[in-house]
Amino acid sequence: MIRLIKNAQVFAPRNLGKTDVLISGSRILKIDSNISLETIGAQECVEVVDASGKIMVPGYVDTLVHITGGGGEGGFQTRTPEIEFDNIVRAGVTSLIGALGTDATTRGLADVYGKAMSLSQSGLNCFMYTGSYEVPVKTITGSIKSDMIFIEPVIGVGEIAISDKRSSQPTPHELARIASDAKVAGMIAGKTGIVMIHLGDEETCLESLHQAADQFAVALSQFYPTHINRNRTLFEAGIEFAKQGGTIDFTTSTNDSILKSGEIRASQALAKALQAGVPSDRLTMSSDAQGSLPNFDEDGILESLDVGAIDSLHNEMLRAVKSEGVEFSLALSAITSNPARVTGLHRKGQLKQGSDADLNLLDSESLAISSVMSRGHWLLQNDEMVAQTPFASAAT
Ligand code: ZN
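Quick look at the structure, then. (Residues numbered from 1 in each chain as written. Predicted model: local features only at pLDDT ≥ 70, side-chain atom pairs only at ≥ 80, totals over all residues. Heavy atoms only, no water.)

## With respect to the environment of Leu 199
Stage number 1. Looking at the element boundaries, Leu 199 is found in strand E10 (residues 194–199).
Stage number 2. On the basis of relative accessible area, Leu 199 is assigned to the buried category, the value being 0%.
Stage number 3. Between the C-alpha atoms of Leu 199 and His 227, which are 28 residues apart in sequence, the distance is 5.9 Å.
Stage number 4. Not counting residues up to four positions away in its chain, the partners in contact with Leu 199 are Ile 162, Ser 163, Cys 205, Leu 206, Pro 225, Thr 226, His 227, Ile 228, Arg 230 and Leu 234. (Helix = DSSP H or I, 4+ residues; strand = E, 2+ residues; numbered from the N terminus. Buried < 20%, exposed > 50% of the residue type's maximum accessible area, 1.4 Å probe, protein only. Contact = heavy atoms within 4.5 Å.)

And the structure:
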């Protein structure tokens, strides 16, 4: 199947201007101005789409999603539900990485694997981290190395929790060992072996990561800390970490209660980090979707819970542009090319020859997502779900 999308304003995430994109099967064959079917000699099985008035961007890459649900920190009834395929597609996310959360006891990696495979077979690109908040980490096969080498969608380790009351307080040595295991397994399996680190609000911030890198033969950049916008102190520590070569991640899901307690909005954190001189390719945003977002009353008593939303990724990217004055291609790179690079998803997050044909079409006025393509297949077209999933008819 050959598809030719014409006349869109293409951000790759770099602005390529108004140009045409030719897709063959699951890959991008060519990006050029005025591609005609005659020149490529294609006659049959061709779809030509006129995307005038649309902006084309790479499909978003979300590096932290609790695909089987998270939460559960306020009793069993506060467990959050698993994510739904349609919500991921409508959010413009074509690649995502699943993880366990606080609860790695009543929830497990086998379930994360099953859900990841289900989402990929339905047309998305779902990967996963092995491991857990707690150290020693939970795995599927018994070790980080075997999980990464034998299980295709396992691209690294995460979320390992530090500087958090819910953490198992791992030592720098334990963190270095996890990073080394992930690195070696990554070398064997052709993966980056990134280690995603969950940061809580304890004042120790990123100290144990620096100690691990100082005391052992581990690169700081192998750790990928998230929730860096949780509070001002952690944000400042994150800026320093990024200036020393690491990539930092801001969480886009939030609510009023969390913002009131001192969280910096991801869009604002992105703008501030750029102003502080952090190289733009070391900044990413992820949704933390399906994680639980507590609402506390004045006395700090839990009142209710919200669930992290995957569409916050697109919304915070737009907010960075509209409210914080971040250049569109830079804001876009924080949810496309940068997260793809740090997690080793080399054919994702960019529109270029040879990349997977994962893309979104946005309305050029409202910037709303109207069409989503993954591996050369439309999942959403002109606001209509067109993906063929086994339960699609039951959901409508
Ligand atoms: Zn977390």
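## Some points on the side chain of Ser 287
Stage number 1. The topology assignment puts Ser 287 in the loop between strand E13 (283–286) and strand E14 (292–296).
Stage number 2. Residue classification places Ser 287 among the buried positions, given a relative accessible area of 0%.
Stage number 3. In this structure the side chain of Ser 287 is engaged in a polar contact, spanning 3.0 Å, whose partner is the backbone nitrogen of Ala 289.
Stage number 4. Once residues lying within four places of it in the same chain are set aside, the contact partners of Ser 287 are Asp 62, Leu 64, Val 65, Thr 251, Thr 252, Ser 253, Ala 309, Ile 310, Ser 312 and Leu 313. (Polar contact = N/O pair within 3.5 Å; in protein donor to acceptor, adjacent residues only side chain to side chain.)

## A look at the coordination of the zinc ion
Stage number 1. Donor atoms from the polypeptide that coordinate the zinc ion comprise Glu 159 (OE), His 198 (ND1) and His 227 (NE2), at 1.9 to 2.1 Å from the metal.
Stage number 2. All donors to the zinc ion come from one chain, and their sequence spacing reads E-x38-H-x28-H. One end of the pair, Glu 159, is in strand E9 (residues 154–162); the other, His 227, is in the loop between strand E11 (223–226) and helix H7 (232–243), and 68 residues separate them in sequence.
Stage number 3. Owing to a relative accessible area of 0%, Glu 159 belongs among the buried residues under this scheme. (Donors = N, O, S within 2.8 Å, 3.2 Å for Na, K, Ca; no water.)

## Topic: the environment of Ser 118
Stage number 1. With respect to the element layout, Ser 118 can be found in helix H3 (residues 109–121).
Stage number 2. Here Ser 118 falls in the partly exposed class, since its relative accessible area comes to 36%.
Stage number 3. Along the backbone, Ser 118 and His 198 are 80 residues apart, and their C-alpha atoms lie at a distance of 26 Å.

## Description of the side chain of Ser 337
Stage number 1. Counting through the fold element by element, Ser 337 comes out in helix H12 (residues 337–342).
Stage number 2. Owing to a relative accessible area of 16%, Ser 337 belongs among the buried residues under this scheme.
Stage number 3. Contacts of Ser 337, omitting those with residues within four sequence positions, involve Pro 13, Gly 349 and Gln 350.

## Considerations on the packing of H7 against helix H9 (residues 266–275)
Stage number 1. The N-to-C vectors of H7 and H9 enclose an angle of 40 degrees; their axes lie 11 Å apart at closest approach. Accordingly, the angle class assigned to the pair H7 and H9 is oblique. Of the two elements, H7 crosses H9, and the hand of that crossing is right-handed. Contacts between H7 and H9 involve Arg 232, Phe 235 and Ile 239 from the former and Ala 269, Lys 272 and Ala 273 from the latter.
Stage number 2. Partitioning the contact of H7 with H9 into residue classes produces 4 nonpolar, no polar and 2 charged. (Axes fitted to C-alpha atoms, helices over the stretch in contact; angles between N-to-C directions. Parallel < 35°, antiparallel > 145°, perpendicular 65-115°, else oblique. Left-handed = near helix turned anticlockwise from the far one by under 90°. Nonpolar A, V, L, I, M, F, W, Y, C, P; charged D, E, K, R; others polar.)

## A few points about the packing of aromatic side chains
Stage number 1. Summed over the entire model, instances satisfying the criterion amount to 2 aromatic pairs.
Stage number 2. Taking the centre distance of 4.8 Å and the plane angle of 75 degrees together, the rings of Phe 11 and Phe 328 count as edge-to-face. You can see Phe 11 sitting in strand E1 (residues 2–11) and its partner Phe 328 sitting in helix H11 (residues 328–333), a full 317 residues away along the chain.
Stage number 3. Ring centres 6.1 Å apart and planes at 35 degrees place the aromatic pair Phe 235 and Phe 250 in the tilted group. (Phe/Tyr/Trp six-rings, centres within 6.5 Å; stacked < 30°, edge-to-face > 60°.)

## Some points on the nonpolar core
Stage number 1. Ranked by size, the top nonpolar core spans 84 residues in total, and within it Tyr 60, Phe 223 and Phe 250 carry the most contacts.
Stage number 2. At 6 residues, helix H5 (residues 172–189) tops the list of elements feeding residues into this core.
Stage number 3. With residues near it in sequence (within four places) discarded, Phe 223 still touches Leu 175, Ala 179, Val 195, Ile 197, Leu 209, Ala 212, Val 218, Phe 241 and Thr 247.
Stage number 4. Membership of the second largest hydrophobic core comes to 16 residues, among which are Ile 5, Ala 8, Val 49 and Ala 357. (Core = buried A, V, L, I, M, F, W, Y, C linked by side-chain atoms within 4.5 Å.)

## Let's talk about the packing of H9 against helix H10 (residues 312–322)
Stage number 1. One way to put it is that H9 packs onto H10 with a least axis distance of 8 Å and a crossing angle of 50 degrees. Classified by the interaxial angle, the pair formed by H9 and H10 is oblique. Relative to H10, H9 is oriented so that their crossing is right-handed. Within the contact between the two elements, H9 uses Ala 266, Ser 267 and Leu 270 and H10 uses Glu 316, Arg 319 and Ala 320.
Stage number 2. Per-class residue counts for the contact of H9 with H10 are 3 nonpolar, 1 polar and 2 charged.

## With respect to the environment of Ile 140
Stage number 1. Turning to its location among the elements, Ile 140 is positioned in the loop between strand E8 (125–130) and helix H4 (144–150).
Stage number 2. For Ile 140, a relative accessible area of 35% corresponds to the partly exposed category.
Stage number 3. Along the sequence, Ile 140 and Thr 130 sit 10 residues apart, while their C-alpha atoms lie 7.5 Å from each other.

## Focus on the sheet that holds E11
Stage number 1. Sheet architecture is open: 6 strands sit in the order E6-E7-E8-E9-E10-E11, paired in parallel fashion. Both edges of this open sheet fall to strand E6 (60–65) and E11, since each of them pairs with a single strand only. Taken pair by pair, the neighbouring strands of this sheet meet at an average axis angle of 30 degrees, ignoring direction.
Stage number 2. Contacting E9, E10 and E11, H5 crosses the sheet at an angle of about 170 degrees to E9.
Stage number 3. Along the sheet, helix H6 (residues 207–215) contacts E9, E10 and E11; its crossing angle with E11, the most-contacted strand, is approximately 175 degrees. (Pairing = 2+ DSSP bridges.)

## Overview of H7
Stage number 1. Here H7 contains 12 residues, and its C-alpha end-to-end distance of 17 Å stays within 8% of the 16 Å for a straight helix at 1.5 Å per residue.
Stage number 2. Buried positions along H7 lie against E10, H6, E11, strand E12 (248–251) and H9.
Stage number 3. With a side-chain oxygen lying 3.1 Å from the backbone nitrogen of Thr 233, the N-terminal cap of H7 falls on Asn 231.
Stage number 4. Just past H7, the residue Gly 245 takes up positive phi, approximately 115 degrees. (Expected span 1.5 Å × (residues − 1).)

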